[in-house]
Amino acid sequence: MRPLNLIVLGTAGAGKSALTATLGRWIEQNTDQKVAYINLDPGCDFVPFKPDFDIRDYFTIAKIMRDENLGPNGAMIRASELLEQKAGEFSGQINKIKVDIRLIDTPGQMEVFLFHGGPEITRLMGGVTISLFLTDVGIAAKAAGLIFTRLLGLSVGLRLGVPTVSVLNKMDLAEGKLADVDRMLADVELLKEQVIRESSGVMIDLTLSLSKALPELLPAARLVKVSAKSGEGMAELYDMVHEIFCACGDLT
Ligand SMILES: Nc1nc2c(ncn2[C@@H]2O[C@H](COP(=O)(O)OP(=O)(O)OP(=O)(O)O)[C@@H](O)[C@H]2O)c(=O)[nH]1
Ligand SMILES: [Mg+2]
């Protein structure tokens, strides 16, 4: 059986590292799948899992800053260039890790990863690769935020060239704010009504056009709500990626 690579990426502080750990633990406890943890974030001091491959064994943001007299953002760009240059070597190491599922944690500066090293290392990864695009649940509570999140997830998938599941994390903090999300996703008329209620001026037309396009572009089902803290939603997330994995396996 070919391995499944799950690339966890998303906005800074959305809970990528926490989800990598929680989902991995859930899979280990609830299935017979063997899991490996890959850390591609050279900027972190701590990750809440034991990495089987760690980019920090090769370089760290702190060391690049010191060695090359760069600030944190310049060092992050340099690190992503290094990731791109060494993508062959790193993917070779990662591909040697023989498990069923490789969970891959990525840097908070998502745009740097997407512009530089991310697509190349994704392309070289053996097996089936799916990305999990993670955002903080608070942003999706409003119609415009929900549309923004969905489109960003779509862009991430386009850039990496792999199927992408949008994941709303920190559900434990949602406190009922999200009662409308499922309804807005299922009913485009309701989404449009919400857009008109929330938006103003020139942005209404744009937001309305986007809301109309969404159902065609994205199946509503490819959005999962989870909490990396409480563990809620892990079964749903696992089922969804497994379904995509099986469909991809049939196609390739
Ligand atoms: N309440 C709550 N807090 C969470 C959840 N997931 C992560 N956090 C917290 O959010 C903060 C950021 O979590 P990380 O897992 O480090 O997020 P990240 O996306 O890896 O962050 P960067 O790599 O720095 O971009 C930490 O304080 C976590 O404890 C969640 O589901 N619920
Ligand atoms: Mg992290």
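Keep in mind it's a predicted model, so treat the numbers as computed, not measured. (Residues numbered from 1 in each chain as written. Chains lettered and ligands numbered in written order. Predicted model: local features only at pLDDT ≥ 70, side-chain atom pairs only at ≥ 80, totals over all residues.)

Draft legend 1. Summary view of the environment of Met171. The residue Met171 is located in the loop between strand S6 (164-169) and helix H8 (179-186) in this model. Met171 sits in the partly exposed class, given 18 other C-beta atoms within 10 Å. Once the C-alpha coordinates of Met171 and His116 are considered, the two residues, 55 residues apart in sequence, prove to be 31 Å apart. (Helix = DSSP H or I, 4+ residues; strand = E, 2+ residues; numbered from the N terminus. Buried ≥ 20, exposed ≤ 12 C-beta atoms within 10 Å, placed from the backbone.)

Draft legend 2. Focus on unusual backbone geometry. At Asn69, a residue that is not glycine, the phi angle is positive and equals roughly 50°. Within the secondary structure, Asn69 sits in the loop between helix H2 (61-68) and helix H3 (72-85). Taking the C-beta count within 10 Å as the criterion, Asn69 has 9 such neighbours and is therefore assigned exposed. Phi at Lys170 takes a positive value of approximately 70°, unusual for a residue other than glycine. By secondary structure assignment, the location of Lys170 is in the loop between S6 and H8. In this structure Lys170 comes out as buried when scored by C-beta crowding, with 22 C-beta atoms within 10 Å.

Draft legend 3. Representation of the environment of Thr164 in the model. Structurally, the position occupied by Thr164 is in strand S6. Other than its neighbours up to four places away in sequence, Thr164 contacts Ser131, Phe133, Gly153, Val156 and Gly157. (Contact = placed C-beta atoms within 7 Å.)

Draft legend 4. A look at the site of ligand 1. Around ligand 1, the structure places 17 residues, and the nearest of them are Gly15, Ser17, Ala18, Gly108 and Lys229. In terms of residue count, the dominant contributor to the shell around ligand 1 is helix H1 (residues 16-30) (three residues). For the shell around ligand 1, the residue count by class is six nonpolar, six polar and five charged. (Near = placed C-beta within 6 Å. Nonpolar A, V, L, I, M, F, W, Y, C, P; charged D, E, K, R; others polar.)

Draft legend 5. Just the sheet that holds strand S2 (residues 35-39), in detail. Read from one edge of the open sheet, seven strands run S3-S2-S4-S1-S5-S6-S7, paired in parallel fashion. Among the strands making up the open sheet, the edge pair consists of strand S3 (53-54) and strand S7 (223-225). Note that strand S5 (residues 128-136) and S6 share six bridges and pair parallel. What sits directly across from Ser131, in S6, is Thr164. Contacting strand S1 (4-10), S2, strand S4 (101-105), S5 and S6, H1 crosses the sheet at an angle of about 165° to S4. (Pairing = 2+ DSSP bridges. Axes fitted to C-alpha atoms, helices over the stretch in contact; angles between N-to-C directions.)

Draft legend 6. Representation of the pairing of S6 in the model. In terms of burial, S6 is largely enclosed, as six of its six residues are buried. Covered by surrounding structure in S6 are Thr164, Ser166 and Leu168 together with Val165, Val167 and Asn169, the residues of both alternating faces. One crossover worth recording links S5 to the parallel S6 by way of helix H7 (residues 143-160), and it is right-handed. Across three bridges, the pairing between S6 and S7 is parallel. If you follow Leu168 over to S7, its bridge partner there is Lys225. (Right-handed = clockwise from strand over helix to strand, strands pointing away.)

Draft legend 7. Inspection of helix H9 (residues 188-198) at higher detail. Regarding H9, the residues found buried are Leu191, Gln194 and Val195. Viewed along the axis of H9, the buried residues span an arc of 105°, placing them on a single side of the element. For H9, exposure combined with an orientation more than 90 degrees from the buried face picks out Glu189 and Arg197. (Arc of directions from axis to C-beta.)

Draft legend 8. Quick peek at the packing of H3 against helix H6 (residues 117-124). Close contact between H3 and H6 brings their axes to 8 Å; oriented N to C, the two are set at 25°. One finds that H3 runs roughly parallel with respect to H6. Note on packing geometry: the crossing formed by H3 with H6 is left-handed. Counted together, Ser80, Leu83 and Glu84 of H3 and Gly117, Glu120 and Ile121 of H6 form the full contact between these two elements. In the contact of H3 with H6, the residues fall into two nonpolar, two polar and two charged. (Parallel < 35°, antiparallel > 145°, perpendicular 65-115°, else oblique. Left-handed = near helix turned anticlockwise from the far one by under 90°.)

Draft legend 9. Main features of the environment of Phe59. You can see Phe59 is positioned in the loop between S3 and H2. Overall, the presence of 17 C-beta atoms within 10 Å leaves Phe59 in the partly exposed class. Here the alpha-carbon distance between Phe59 and Lys225, two residues 166 residues apart in the chain, equals 34 Å. In this structure Phe59 touches Pro42, Ile64, Ala79 and Leu82, once residues within four positions along its chain are discounted.

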